[in-house]
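# Inside the fold
Residues per chain are reported as follows:
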Amino acid sequence: MLPAGTALAAAPAAQDASDTGDCLPFPAGDFVANPAGVTLPAGSPATCLTIPADGHTTRELLTSTLNDPSYGFSVLDENGTTVCGFADWGGSPEGCSLTPGEAYTVLVPGDVPWDQTLVRRDVTATAHGCVDTPAGKVGTPSAEGVPASSDDYVCHRVTTADARDTLHLYARYTSAGLANGFAVYDADGEVACENAGAGCAVTGSTTYRAIVHVGYGDPTAPVYRLDAVRIGTAAGPAPECGKVPDVTYGFGPLTSTLSEQRPTLCAVLPTAANDWLNLSFAPEQELHKSPTPWLYDGVTRQNACDPLRGSGYHQCKVPAEDGEYGSRPTTLVIGLPSVPPQAPVEVRATAYCPLLCGTVTPAVTAVTPGTVGAGKVTMRVTGAALHEKDVVEVSGSGYRARSTTVSVAPDRRSMDVALDLTNAPRTALDLSVVTHDGDTYRRGRVTVVAPIRATAAPTVTGTAVVGGRVTANAGTWTPAADTYTYQWRSGGVAVAGATTAAYTPPSTLLGKQLSVAVTAHKAGHPVVTAVSGSVVVKGLAPKPTKVPYMSGATRVGNRMTAVVGSWSPAPTSYAYQWRANGVAITGATGSTYVVPASVVGKKLTVTVTAHRTGHLSGAHTTVGYTVAAGLAPKATTAPYLTGTVKVGRTLTLNRGTWTPAPTSYAYQWYANGRAISGATKTSFTPAAAQRGTRITVRVTAYRTGHTAGVAWTRSTGAVAG
């Protein structure tokens, strides 16, 4: 820090505190770039400085730029009693408690061989020049340090919303230089923690002054970072702190990654008074290069962890009052190493409890299930403070088997063990638990039966098409399974991630064989897997981009043509089915269709089916039209009469030639245009009534499904007499 304030060539000797008339004024400074102060040149005689009664607060920080341990200063009250200072002429800067309304004298020794500057600063709630630093949640980025000169002091005004919050504070140096947490003061200027340099926990105020002593380094870059995080609230531990459910034998590993963006993590431990934990980090390295732990209890809030150098671990002992036993929960905070990391730090913390920790009493309450299938099975042990080395033993009828541990629940109230009972007799056997420390718990009997098996294989339901959905039918098992797991396979090889009962085949499986493996799980039975038959995964069906339609007039006798339209993806072939009123017409499966009389009056459609190799088939039915009657037959050769036109002589009708060929005819004879009653055959003999008239015949040609056609003969001459 550059010298500031008034430079003195000499000062009178300070004999006692009551003689303040010749003492120099000691101005109040603050936490700014150039704080006020008093500079004493090298060789100055012993000097006294005065702090006026109305010119100080209740707590002030007094510092000197002189680092020689042989020199120091003392602060005396009006009675000449030393209230603070370098008691042994040399040591740390001093936070002094000052009584309101009382003046003080500062005695400075003389003949110091170097210049020194003394500064006093307010550290109560009225302190000036402090950097506002709101406390964040655990895991939030650290506060970047304020650039400062070597041997300077920086004040951070750390705030939180509730005085019942507990904060963890720690100043860390960076690659740019060194810094150390000097002290933390509450709103009243009282010391809030005893060991700020090593990191500490504080509570009871909404504002704190965290003083950081800046060492050497690059003054243009942050030479430190300040971790100020909330680890406790009025309701208890901060919700960001994980909860370790059991510490009977220790805990871990706790894993995470720390960086300047996430410099802290925390966990709540269900510890008891006097618990003793050895905390280590993997991989093992020098303690100043490994993450830094703090263990705080809710009463003292003092760090209970001490590094055991040379041992590679930290020893953490939960404090206790005299005669105290029972629960005393703690919060474990893990931060970045004291050596500045150049990259994110992987945390893997494990704690070992040489003696039982916490308040849980070890117990074994049950081993389930009571019936198991012969084979490699899993059983569950329940109790409290279960240990990885506890063993389940099955014995009887000359048979014995011992378990291996599969897993232990985080709260140590249950553990899964594996036993190979393939050769066990199918009968009831004795069941015991032998603990890691030699205790034996007898827990009844277990009955060994035939293992679960599939009596009907699984099947794949639904259409196996790219982008479609298929479902696994688990099949039938005896005895009935508790649960099933699934694994879809392509060509017999497991498909990564396809482990649910329903599956949507992707395009990469087009044309491949799809099956599903169903694994049946039943408590105490070997895990058994059965595989379904395979189905081929097809592509999506072609869809019309331009719909099919019918070409031609929809009437009996006409030839209709199915126009396929356009499809995507392009089909390799088409099929057709003509329909009347929606009902398929037998044999009508070509692209053309001659409309028969049988469908007259019905709605005619055609269904076009598009086929593509390896894909589902797509189909589309055209718009329907009602079938009209066919065109009337026409006489290509007109009908005519033969015979003598005379009363009593027979005339004969030749009906001519018609197309299309009629299926029947009708006739009507006329005399002078008047119908002759009863004359409806192909021959007629004129009577006296027709004498003198001219004869004609109307021929009507009928064809099924068609309108009727009509043609007339030429009229004869007059009927003779």
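Residues numbered from 1 in each chain as written. Predicted model: local features only at pLDDT ≥ 70, side-chain atom pairs only at ≥ 80, totals over all residues. Heavy atoms only, no water.

## Quick look at empty space enclosed by the protein
Applicable threshold: Each cavity reported here is a set of points on a 1 Å grid over the protein atoms alone in which a 1.4 Å probe fits but cannot get out, each pocket an open set with protein on both sides within 12 Å along at least five of seven lines, and each lining residue one with an atom within 4 Å of a point. Grid points are joined across faces, edges and corners, and a volume is the space filled by probe spheres set on the points. Put simply, DSSP marks the helices as runs of H or I at least four residues long and the strands as runs of E at least two long, and each gets a number from the N terminus on. Any residue that is not Ala, Val, Leu, Ile, Met, Phe, Trp, Tyr, Cys, Pro, Asp, Glu, Lys or Arg is counted as polar, Gly included; the first ten are nonpolar and the last four charged.
Enumeration over the complete set of coordinates arrives at six cavities of 30 Å³ or more. Lining of the largest cavity is provided by Leu-169, Tyr-170, Ala-171, Gly-181, Phe-182, Ala-183, Val-184, Ala-196, Ala-210, Ile-211, Val-212 and Leu-226. Taken together, the elements giving at least two residues each to the lining of the largest cavity come down to β15 (166-173), β16 (177-185) and β18 (207-217). Among the elements that line the lining of the largest cavity, the one with the most residues is β16, at four residues. Across the lining of the largest cavity, the residue classes break down as 11 nonpolar, one polar and no charged.

## Observations regarding the sheet that holds strand β6 (residues 74-76)
Going by this rule: Strands are treated as partners if at least two bridges between them are detected by DSSP.
On the basis of which strands lie adjacent, the open sheet formed by five strands has the order β2-β4-β9-β6-β7 and mixed pairing. Taken across any chain shown, the strands that pair with only one partner, and hence form the sheet edges, are β2 (24-25) and β7 (82-85). Direction of pairing for β6 relative to strand β9 (residues 104-108): antiparallel, over a ladder of three bridges. When the sheet's bridge partners are listed, Leu-76 is paired in β9 with Thr-105.

## A closer look at the sheet that holds strand β28 (residues 330-335)
Strand order in the open sheet formed by four strands is β21-β23-β28-β25, and the pairing between neighbours is mixed. The outermost strands of the open sheet, each flanked by one partner alone, are β21 (242-243) and β25 (292-297). Sheet topology note: the β25/β28 ladder contains six bridges and is antiparallel. Bridge pairing links Tyr-296 to Thr-331 in β28.

## Observations concerning the side chain of Glu-60
Quick note on the threshold: Under this definition, polar contacts are N or O atom pairs within 3.5 Å; protein pairs additionally need one hydrogen-donor-capable and one acceptor-capable atom, and for neighbouring residues in sequence, both atoms have to be side-chain atoms.
In this structure, Glu-60 sits in strand β5 (residues 59-64). A polar atom in the side chain of Glu-60 sits 3.1 Å from the backbone nitrogen of Thr-57.

## Some details on the state of the cysteines
Note: disulfide means a covalent bond formed between the sulfur atoms of two cysteine side chains. Just so we agree on the cut-off: For the purposes of this analysis, a disulfide is any pair of cysteine sulfur atoms at a distance within 2.5 Å. For the exposure calls, accessible area comes from a 1.4 Å probe over protein chains only, and a residue counts as buried if that area is under 20% of its type's maximum, exposed if over 50%, partly exposed in between.
Scanning all chains against the criterion turns up seven disulfides. The side chain of Cys-353 participates in a disulfide bridge whose partner is Cys-357; the two sulfur atoms lie 1.9 Å from each other. Around the S-S axis, the bridge from Cys-353 to Cys-357 shows a dihedral of about 85° and counts as right-handed. On the basis of relative accessibility, which here comes to 2%, the residue Cys-357 falls in the buried class.

## Re the confidence of the model for the protein
Filter applied, for reference: By definition, pLDDT measures how confident the predictor is in each residue, and it falls between 0 and 100. We call two residues in contact whenever any of their non-hydrogen atoms come within 4.5 Å of each other.
Per-residue pLDDT for the protein averages 91, and the proportion of residues at 70 or more is 95%. Taken together, the stretch residues 1-20 has pLDDT below 50 and engages in 49 contacts with residues farther than four places along the chain or on a different chain. The low-confidence segment residues 87-91, where pLDDT is below 50, has 13 contacts with residues more than four positions distant or belonging to other chains.

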